[in-house]
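Understanding the architecture of this molecule
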Amino acid sequence: MDMFNKVTAFLQQALETREPSINLLDSFVNHWKAITNYYIETTDESRPVKQTDIPWCLRQMLDILVYEEKQQGEETGPCMEYLLQHKLLETLCTLGKAQYPPGMSQQVMMFFSKVLSQIQKPVLHLINVYRPVQITKDSQKRCSSTSDEALEEGCSGASSPERAPSPPSPSSSAASSCSARSGAHPSSSPQTATGIIPVLMHLGKSQKSRVALRSMESLLLLVSLPQEDTGHLLAEGTPLCHLLAQRLTELYCLIPSSLSPADIHSYSGAQWRDHFTQDSPEESQSFPGSENLQGFFCFLDYCNELTKEAPRVLGVKMARAIHLQWLKGVIQPHLLQMSEAGILVHTALLSCSVRHIHSPALLEELVQFLLGSDTYCEKQQDTETHILRYRLIEHCNHISDEISITTLRLFEELLQKPSKSILTNLVLRNLEKRSYRLPGSGVTDERHGVESDVLEESEELEEDPFFTDMYEDSGFGSQEPLLSLPSVRERHNTRAHTQVADIVNSFLCLVPQEAKTSHLVQGAGYDTYVHDAHKLLKECIALSRDWNWPDSVKTTETHPATDFYEGHFLQILFDRIARILEQPYELNLQVTSVLSRLAVFPHPHLHEYLLDPYISLSPGARSLFSTLVRVIGELMQRIQHIHNVTDKLMMIRRQLMGLEEETLLDHVTLLKGVIVLEEFCKELAAIAFVKLPIEEQ
């Protein structure tokens with residue numbers, strides 16, 4: 001006690017020599033920050049409070065309050081204003097109830113008692129004093145046996161804007177007046193609770209799952225308050241955004257770089273609360289590093305919810321901080337590195353992250369990070385406008401098949417997100433002017449979005465020497481139409497239905513009969529794709545419903561022929577399709593999967609460019625169908641030199657279906673490529689069919 005009195009006397013003497021009161025406030029705030037910094041920096045949760053600086057800081061804060069009252073007289077001093085406005089007593093109440101560090105509740109109770117006894121002006125009637133004192137007093141009676149339960153109540157109390165019961169004190173009007181003056185009215189903005197944010201973020205890392213869960217729930221409760229001024233305060237006046245992005249980045253960096261991309265892609269995800277209620281990941285998702293992976297994606301889900309529930313100004317600021325610290329600061333260097341192993345694992349992690357991001361603010365930042373914001377037509381020499389976009393698209397054509405497959409998966413995940421700018425950036429901006437068409441090559445049917453001279457153009461295609469010669473030279477004979485749509489023609493007999501039937505048959509007849517095997521296996525016909533195409537079309541329609549896409553193609557204007565460039569993304573996809581006969585089976589599946597999804601989207605220009613076999617292309621331009629025609633020409637030349645090609649194709653198909661054991665065969669890559677090509681043409685035919693206007697099906 002003698003030592004305490006000496007320290008107090010020294011402090012009083014020192015304070016008396018300080019002139020401006022602002023020095024008192026600085027000192028008071030610094031002592032408070034020393035307390036909160038302990039919770040941010042400490043790693044030993046078992047260290048008793050008496051072995052820390054917290055008791056000393058509390059004594060200094062008390063002495064400053066007592067001295068300030070003597071100097072200020074009747075006026076409330078800035079230190080007392082700070083204590084009330086920032087709800088310091090409620091924060092201390094929370095920490096005391098948590099018994100963190102051990103013995104904290106006794107220190108808090110002692111501080112409260114001395115404030116009430118040594119401050120001469122009545123303060124118990126103030127809501128920000130009465131409520132924490134009452135809670136602390138009640139907790140001393142109950143003496144809760146576990147700190148987890150204490151924190152559960154404490155955190156909820158600290159962040160819930162409840163109205164406390166009216167304390168037995170001076171008149172209610174006087175209480176309201178004092179509360180309003182101090183900014184501590186029970187219904188006031190929660191800006192006074194922001195001092196607890198660093199503490200809550202730190203407690204969210206606790207090894208005790210209940211402590212971490214309640215801390216994160218309390219932070220979510222605070223962030224989700226709808227007032228815009230609250231959002232502005234949390235965004236600009238607290239370290240919330242920085243701490244959130246920093247924590248996400250820390251968890252990402254804990255993921256082992258040795259993870260298998262297959263394990264990453266197979267991760268189905270979990271809600272953030274599940275991380276605190278499950279002892280370990282599900283058995284099906286348990287592999288070396290799975291706990292780190294789950295920890296990261298659970299926190300990413302938490303960021304999703306925070307940015308969705310927060311006022312827009314705060315949600316955007318949090319998403320921007322995540323963009324800068326995690327995406328640009330950590331992921332981008334990994335994607336641009338030279339190590340193939342590093343590129344592979346981080347592309348897989350990014351692909352999985354895209355799948356799990358559903359907050360509009362986060363998605364907007366993600367798209368900006370990956371693709372940029374350019375909307376003008378691409379030029380073939382454009383490589384430096386957005387380096388990451390360029391490199392990712394190039395990775396779809398990487399010398400490593402694994403990197404190509406993983407990057408294509410990333411783009412397929414992107415195409416499933418509700419963002420109009422993704423389709424615009426990757427594809428649509430280059431099709432806007434329809435310069436892939438020969439100028440004046442057709443008149444648009446506004447109702448169906450197709451050219452009225454499609455049948456005439458089909459005759460031109462049939463007379464194309466390349467298209468006809470490859471069938472005649474192969475000796476495979478003529479191709480019979482596989483789809484006649486008799487019921488449709490009987491009901492309507494319209495030109496539009498004739499066009500659809502011809503388009504569908506064009507894809508179905510593309511692969512020569514001798515190279516087809518699906519008709520020899522039960523349940524492998526074209527109709528099996530129709531159901532899936534219907535489902536996919538509904539998803540894409542729902543996704544693009546609010547994107548204000550046109551219902552029909554833009555009328556082709558008469559203009560000088562210009563060089564058409566399909567854009568970097570479609571260029572790489574078409575290049576990959578052109579090599580379908582010499583690429584691994586898994587890579588071919590991924591390329592065709594991305595193109596199929598693009599073809600389903602209900603944009604008239606995209607539909608025309610990818611699914612209309614009869615458009616007259618401008619010089620130097622290519623379409624999906626023209627690319628496939630060239631592949632068929634190569635196919636016919638190559639399979640002529642394979643003995644019993646149909647039998648070997650059938651054997652490979654049965655092996656792929658798991659009906660036969662794999663055996664060594666020559667030309668396996670080529671034969672698997674032929675099977676993928678046949679299935680892809682059937683899928684495109686099904687997509688073209690289901691996109692027939694609903695009223696005419």
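What counts as what
- Residues numbered from 1 in each chain as written.
- Predicted model: local features only at pLDDT ≥ 70, side-chain atom pairs only at ≥ 80, totals over all residues.
- Heavy atoms only, no water.
- Helix = DSSP H or I, 4+ residues; strand = E, 2+ residues; numbered from the N terminus.
- Buried < 20%, exposed > 50% of the residue type's maximum accessible area, 1.4 Å probe, protein only.
- Contact = heavy atoms within 4.5 Å.
- Areas by Shrake-Rupley, 256 points an atom, 1.4 Å probe, with all protein chains shown as cover.
- Axes fitted to C-alpha atoms, helices over the stretch in contact; angles between N-to-C directions.
- Parallel < 35°, antiparallel > 145°, perpendicular 65-115°, else oblique.
- Left-handed = near helix turned anticlockwise from the far one by under 90°.
- Nonpolar A, V, L, I, M, F, W, Y, C, P; charged D, E, K, R; others polar.
- Phe/Tyr/Trp six-rings, centres within 6.5 Å; stacked < 30°, edge-to-face > 60°.
- Core = buried A, V, L, I, M, F, W, Y, C linked by side-chain atoms within 4.5 Å.
- Salt bridge = Lys/Arg side-chain N within 4 Å of Asp/Glu carboxyl O.
- Lys, Arg positive; Asp, Glu negative; His and termini not counted.
- pLDDT = per-residue confidence, 0-100.

What to know about the overall build of the protein chain
In terms of regular secondary structure, the protein chain is built from 33 helices and two strands. Classification of the 697 residues of the protein chain by burial places 54% in the buried group. The long-range share in the protein chain, meaning contacts at least 24 apart out of those at least 6 apart in sequence, stands at 79%. Summing over all exposed atoms, the protein chain offers an accessible surface of approximately 31900 Å²; the carbon and sulfur share of this is 51%.

Re helix α5 (residues 88–98)
In an α-helix, one turn spans 3.6 residues; hence positions three or four apart end up facing the same way. In terms of burial, α5 is a largely internal element, 11 of the 11 residues being buried. Listed as buried for α5 are Leu88, Leu89, Glu90, Thr91, Leu92, Cys93, Thr94, Leu95, Gly96, Lys97 and Ala98.

So, the packing of helix α28 (residues 568–578) against helix α31 (residues 624–639)
The angle between the axes and the distance between the axes are what describe a pair of packed helices. Relative orientation of the contacting elements α28 and α31 amounts to 20°, with a least axis distance of 9 Å. Taken together, the axes of α28 and α31 are roughly parallel relative to one another. In the crossing of α28 with α31, the sense of the turn from one axis to the other is right-handed. Side by side, α28 and α31 meet where Phe574, Ile577 and Ala578 of the first sit next to Leu624, Thr627, Leu628, Val631 and Glu634 of the second. Of the residues belonging to the contact of α28 with α31, the class tally is six nonpolar, one polar and one charged.

Considerations on the packing of aromatic side chains
Summed over all chains, the structure comprises 19 aromatic pairs. Relative to tyrosine 100, the ring of tyrosine 39 lies with its centre 5.2 Å away and its plane at 75°, an arrangement referred to as edge-to-face. Residue tyrosine 39 is found in helix α2 (residues 21–41), and its partner tyrosine 100 is found in the loop between α5 and α6 (104–118); the two are separated by 61 residues along the sequence. For tyrosine 39, a relative accessible area of 0% puts it in the buried group. Judged by centre distance (5.7 Å) and plane angle (75°), the ring pair of tyrosine 436 and phenylalanine 564 falls under edge-to-face. Taken together, the positions of tyrosine 436 in the loop between α22 (420–426) and β1 (444–445) and phenylalanine 564 in the loop between α27 (527–544) and α28 put the pair 128 residues apart, joining distant regions of the chain. What makes tyrosine 436 buried here is its relative accessible area of 0%. The exposure class assigned to phenylalanine 564 is buried, which follows from its relative accessible area of 10%. Three or more aromatic residues link up through ring pairs in this structure, and these residues are Tyr252, Tyr267, Phe296, Phe297 and Trp326.

Structural notes on the nonpolar core
Counting residues in each nonpolar core, the largest one holds 194 residues, and the members touching the most others are Leu370, Leu595 and Leu598. Among residues more than four places away in sequence, those in contact with leucine 598 are Leu415, Leu423, Val427, Phe569, Leu570, Leu573, Leu606 and Leu610.

Details of the environment of leucine 510
Here leucine 510 shows up in the loop between α26 (495–508) and α27. Assessed through its relative accessible area of 1%, leucine 510 is described here as buried. Sequence separation between leucine 510 and leucine 628 is 118 residues; the distance between their C-alpha atoms is 8.2 Å.

Thoughts on the pattern of salt bridges
Throughout the structure, instances matching the rule amount to 19 salt bridges. Residue arginine 653 is joined to glutamate 678 by a salt bridge in which the shortest nitrogen-to-oxygen separation is 3.2 Å. Here glutamate 678 lies in helix α33 (residues 668–690) and arginine 653 lies in helix α32 (residues 645–656), a separation of 25 residues in the sequence. A residue is classified by how much of its surface remains accessible, and arginine 653, at 6% relative accessible area, is buried. Exposure remark for glutamate 678: the relative accessible area of 3% places this residue in the buried category. Counted as one network, the salt bridges with shared partners bring together Arg214, Glu217, Arg273 and Glu305.

Observations regarding the side chain of arginine 597
Mapped onto the elements of the fold, arginine 597 is located in helix α29 (residues 585–600). For the buried residue arginine 597, which engages in no salt bridge, the nearest side chain bearing the opposite charge is glutamate 539, 4.1 Å off.

Topic: unusual backbone geometry
Across the junction of tyrosine 100 and proline 101, the peptide omega takes the value 0°, indicating a cis bond. Among the secondary structure elements, proline 101 is positioned in the loop between α5 and α6. Even without being a glycine, glutamine 99 presents a positive backbone phi close to 55°. Inspection of the secondary structure assignment puts glutamine 99 in the loop between α5 and α6. Although it is not a glycine, asparagine 644 adopts a positive phi angle of roughly 55°.

Quick look at the confidence of the model for the protein chain
A residue-level look at the protein chain finds 76% of positions with pLDDT of 70 or above and a mean pLDDT of 79. Counted against residues more than four places away or in other chains, residues 1–8, with its pLDDT under 50, gives five contacts. Throughout residues 143–193 the model reports pLDDT below 50, and contacts reaching past four residues in sequence, or to other chains, amount to 85 contacts.

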